[in-house]
Amino acid sequence: DQPDPERNAASRQALRLVQIAIDHLPPRCREVILLRKVHGMAQRDVARRMGISEGTVENQVAKGIRLIVDMMADLTGTSQAGGTATRTLRRQGRS
């Protein structure tokens, strides 16, 4: 199989969009997402490390994933104007 240049370019672009979205998450949410989803830490370990409950870790992961999806949609122009990500970025002074 030969590498598909278009597929590789699309994959690199998707990774850039995910990184941008992660960078724009609220700080605690970003840290939870990075520890849980990027570094693969257990929910219990993230909770201990951050001094928060496991329920808070779970809630922050859900919030982070929802915001990442919304931000990626905003960045690719596939979302409704004024979505969750847009409101979050405005509150943070990033839009």
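Residues numbered from 1 in each chain as written. Predicted model: local features only at pLDDT ≥ 70, side-chain atom pairs only at ≥ 80, totals over all residues. Heavy atoms only, no water.

Undergrad: With reference to specific residues and values, describe the packing of helix H2 (residues 27-38) against helix H4 (residues 54-76).
TA: Put simply, H2 and H4 touch, their axes get as near as 9 Å, and they point 100 degrees apart. Judged by the angle between their axes, H2 and H4 are roughly perpendicular. On H4, the residues that touch Arg28, Cys29, Val32, Ile33, Arg36 and Lys37 of H2 are Thr56, Val57, Gln60, Val61, Lys63, Gly64, Ile65 and Ile68. Residue composition of the contact of H2 with H4, grouped by class: seven nonpolar, three polar and four charged. (Axes fitted to C-alpha atoms, helices over the stretch in contact; angles between N-to-C directions. Helix = DSSP H or I, 4+ residues; strand = E, 2+ residues; numbered from the N terminus. Parallel < 35°, antiparallel > 145°, perpendicular 65-115°, else oblique. Contact = heavy atoms within 4.5 Å. Nonpolar A, V, L, I, M, F, W, Y, C, P; charged D, E, K, R; others polar.)

Undergrad: Mind laying out the environment of Arg44, listing which residues take part and the relevant values?
TA: For Arg44, the location among the structural elements is in helix H3 (residues 43-50). Separated by 13 residues in sequence, Arg44 and Val57 place their C-alpha atoms 8.4 Å apart.

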